[in-house]
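# An overview of the molecular structure
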Amino acid sequence: MKNFIKIFSHILVWCIILLVPIYIMSKEGTFDSGPYISYMVRTGIFAVLFYVNYLYLIDKFLFNKQVIRYLVANIILITALLLVQTLLLDLLMPHPEFFQREMTERKEGRHPGPPFAMRIFSDYLLIFFVLGLSVAMKMTIRWYADSIKFEQAKSGQLEADLRNLRSQLNPHFLFNTLNNIYSLIAIDQIKAQDSVHRLSNLLRYVLYDNDRKLVPIEKELEFTRNYIDLMKLRVSSNVRLNVMIENKGSNDMIASLMFMTLIENAFKHGLTSKGECFIDIKILVEKETGVLCTVENSLPDVDTRIEAKNSGIGLANLTKRLELIYPGKHEFIVEHRPDSFFTLLRIDFT
């Protein structure tokens with residue numbers, strides 16, 4: 001369909017170019033076959049020059065950075081076309097009296113015609129215009145095609161980042177969570193059942209509910225609450241955990257799994273078995289201002305700092321996702337404070 005539209009548009013343009021002069025000259029009562037034949041021959045020569053460049057020479061030489069060969073090929077082509085034009089005009093132009101009448105009119109001053117130098121200049125100016133037009137159109141089409149490929153590549157990268165984010169719910173996380181739930185069965189069966197329910201909801205969301213690029217914000221918040229509750233099962237008594245997640249009437253959509261990396265990093269790298277430590281998670285969603293998420297955790301032990309370097313991969317992936325999905329509509333801050341690690345994520349829905 002696209003090729004048909006392209007071919008049809010080219011045919012339409014050339015029909016207009018060839019038929020408009022007939023309409024104008026017929027309307028004014030000045031139609032003469034001689035000038036029109038000359039016009040058709042010249043237009044046909046320009047058309048050949050345009051399409052040879054457009055369909056072959058530009059791809060063959062110019063886009064392959066063979067500029068000299070491109071120029072030489074065009075010089076040969078233009079020379080050949082000018083020779084063909086001369087032969088066609090000699091063959092197709094009407095009776096010799098046409099030239100005699102034109103010469104008589106020029107001598108009498110009724111039709112002086114442009115100076116010879118001006119005619120040569122105009123011919124070559126049109127040739128350069130046709131060449132420039134073919135290059136401009138070809139480069140525009142190539143730029144448009146490249147931009148589509150770039151957008152597809154960005155979209156593919158985005159999907160890859162999302163798959164990578166989903167993979168963070170890895171067997172290690174599931175193994176630890178199931179062990180914690182198993183331990184709860186002997187202590188608090190109701191809490192164990194609730195944890196199993198939360199785990200099933202979390203897995204359902206990751207595997208099925210967020211296939212779309214955007215999900216309702218309330219579903220994302222529900223997933224985040226379930227994720228935090230399951231992560232809390234591994235928290236010991238020396239950890240001070242503060243969580244505040246609130247939605248003030250927003251029904252907006254958000255890209256899925258936006259908060260998981262920040263929260264996972266806090267639990268993975270902010271806990272210590274020695275002394276007091278803390279994790280502070282706040283997510284506030286408002287219809288007018290969008291979403292604001294802050295996560296702060298105490299610094300890890302010296303023994304875990306090498307492992308903590310890997311957290312930068314998740315943050316880098318999150319940064320790329322934000323740039324692709326919310327360009328100019330987000331703020332992402334990462335701060336290494338003296339006694340804590342702090343991240344802030346703000347997304348504007350408007």
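Each value, and the rule that gives it
Residues numbered from 1 in each chain as written. Predicted model: local features only at pLDDT ≥ 70, side-chain atom pairs only at ≥ 80, totals over all residues. Heavy atoms only, no water. Helix = DSSP H or I, 4+ residues; strand = E, 2+ residues; numbered from the N terminus. Buried < 20%, exposed > 50% of the residue type's maximum accessible area, 1.4 Å probe, protein only. Contact = heavy atoms within 4.5 Å. pLDDT = per-residue confidence, 0-100. Patch = residues over 30% accessible without salt bridge, like charges linked within 9 Å, V, L, I, M, F, W, Y side chains within 5 Å. Areas by Shrake-Rupley, 256 points an atom, 1.4 Å probe, with all protein chains shown as cover. Salt bridge = Lys/Arg side-chain N within 4 Å of Asp/Glu carboxyl O. UniProt positions renumbered as here; feature names shortened; annotations may be inferred. Core = buried A, V, L, I, M, F, W, Y, C linked by side-chain atoms within 4.5 Å. Phe/Tyr/Trp six-rings, centres within 6.5 Å; stacked < 30°, edge-to-face > 60°. Lys NZ or Arg CZ within 6 Å of the ring centre and 35° of its normal. Pairing = 2+ DSSP bridges. Axes fitted to C-alpha atoms, helices over the stretch in contact; angles between N-to-C directions.

### What to know about the overall build of the chain
Helix and strand counts for the chain stand at 11 helices and seven strands. A buried classification covers 34% of the 350 residues belonging to the chain. When contacts within the chain are restricted to residue pairs at least 6 apart in sequence, those whose partners lie at least 24 apart make up 73%.

### A few points about the confidence of the model for the chain
Looking at the chain as a whole, its pLDDT mean stands at 77, while 72% of the residues score no less than 70. A low-confidence stretch, residues 110-114 stays under pLDDT 50, and its non-local contacts, those more than four residues away or across chains, total seven contacts. When the criterion is pLDDT under 50, residues 303-310 qualifies, and its contacts beyond four places in sequence or with other chains add up to five contacts.

### Notes on a nonpolar patch on the surface
The grouping of Val67, Ile68, Leu71, Val72 and Ile76 at the surface amounts to a nonpolar patch, some 470 Å² of accessible area in total. For isoleucine 76, the position within the fold is in helix α3 (residues 67-92).

### What to know about the UniProt feature "transmembrane region" (unreviewed entry) in the chain
Under the UniProt annotation, the feature "transmembrane region" (unreviewed entry) is placed at residues 7-24, 36-58, 70-93 and 124-145. As annotated, residues 124-145 has a helix share of 100% and a strand share of 0%, and its two end C-alpha atoms lie 32 Å apart.

### Let's talk about helix α9 (residues 260-269)
Counting buried residues along α9, nine of its 10 residues qualify, which places the element largely inside the surrounding structure. Every buried residue of α9 is accounted for by Met260, Thr261, Leu262, Ile263, Glu264, Asn265, Ala266, Phe267 and His269.

### Focus on the pattern of salt bridges
Inspection of every chain in the model, using the stated rule, returns 10 salt bridges. Linking lysine 138 and aspartate 59 is a salt bridge whose minimum nitrogen-to-oxygen distance equals 3.1 Å. Of this pair, lysine 138 sits in helix α5 (residues 116-166) while aspartate 59 sits in helix α2 (residues 33-60), placing them 79 residues apart in sequence. Residue lysine 138 is classed as buried on the basis of its relative accessible area, which comes to 15%. For aspartate 59, a relative accessible area of 33% corresponds to the partly exposed category. Close ionic contact of aspartate 229 with lysine 232 constitutes a salt bridge, the shortest N to O distance being 3.7 Å. Among the residues examined, lysine 232 registers a relative accessible area of 39% and is labelled partly exposed.

### Some remarks on the nonpolar core
One finds Ile254, Phe259, Ile283 and Ile347 to be the most contacted residues of the largest nonpolar core, which totals 45 residues. Contact partners of isoleucine 283, with chain neighbours within four places excluded, come to Leu221, Thr224, Met244, Ile245, Glu246, Phe259, Val291, Leu292 and Cys293. Counting residues in hydrophobic clusters, the runner-up holds 20 residues, among them Phe50, Leu57, Val130 and Val135.

### Quick word on the side chain of threonine 294
Considering the arrangement of structural elements, one finds threonine 294 in strand β5 (residues 290-298). The buried category is assigned to threonine 294, whose relative accessible area is 17%.

### Topic: the packing of aromatic side chains
In total, this model carries four aromatic pairs according to the counting rule given. Measuring from ring centre to ring centre gives 6.5 Å for tyrosine 51 and tyrosine 54, while their planes differ by 90°; the resulting arrangement is edge-to-face. Highlighted residues: tyrosine 51 and tyrosine 54, both in helix α2, separated by three residues, approximately one helical turn. The exposure class assigned to tyrosine 51 is partly exposed, which follows from its relative accessible area of 22%. Relative accessible area serves as the criterion here: at 6%, tyrosine 54 is assigned to the buried category. Grouped by ring-pair contacts, the aromatic residues Phe50, Tyr51 and Tyr54 constitute a single cluster. Above the face of the tyrosine 54 ring, lysine 138 is positioned so that its terminal group lies 4.8 Å from the ring centre. The aromatic ring of phenylalanine 63 is capped on one face by arginine 142, whose charged end is 4.2 Å from the ring centroid.

### Some points on the sheet that holds strand β2 (residues 239-248)
Taken in spatial order, the five strands make up an open sheet running β2-β4-β5-β7-β6, and their pairing is mixed. This sheet does not close on itself; its edge strands, each paired only once, are β2 and β6 (330-336). Averaged over all pairs of adjacent strands, the angle between strand axes in this sheet comes to 5°, irrespective of strand direction. In this sheet, strand β7 (residues 340-347) lies alongside β6 in antiparallel orientation, the contact comprising seven bridges. The residue of β7 that forms the bridge with phenylalanine 332 is leucine 345. The strands that helix α8 (residues 217-231) touches are β2 and β4 (277-286); relative to β2, the one it contacts most, it runs at about 165°. Contacting β2, β4, β5, β6 and β7, α9 runs over the sheet at an angle of about 10° to β5.

### Some thoughts on the side chain of serine 195
Within the secondary structure, serine 195 sits in helix α7 (residues 189-209). The class of serine 195 is buried, set by a relative accessible area of 5%. If near-sequence neighbours (up to four positions away) are discounted, serine 195 is found in contact with Ile181, Leu184, Leu230 and Leu233.

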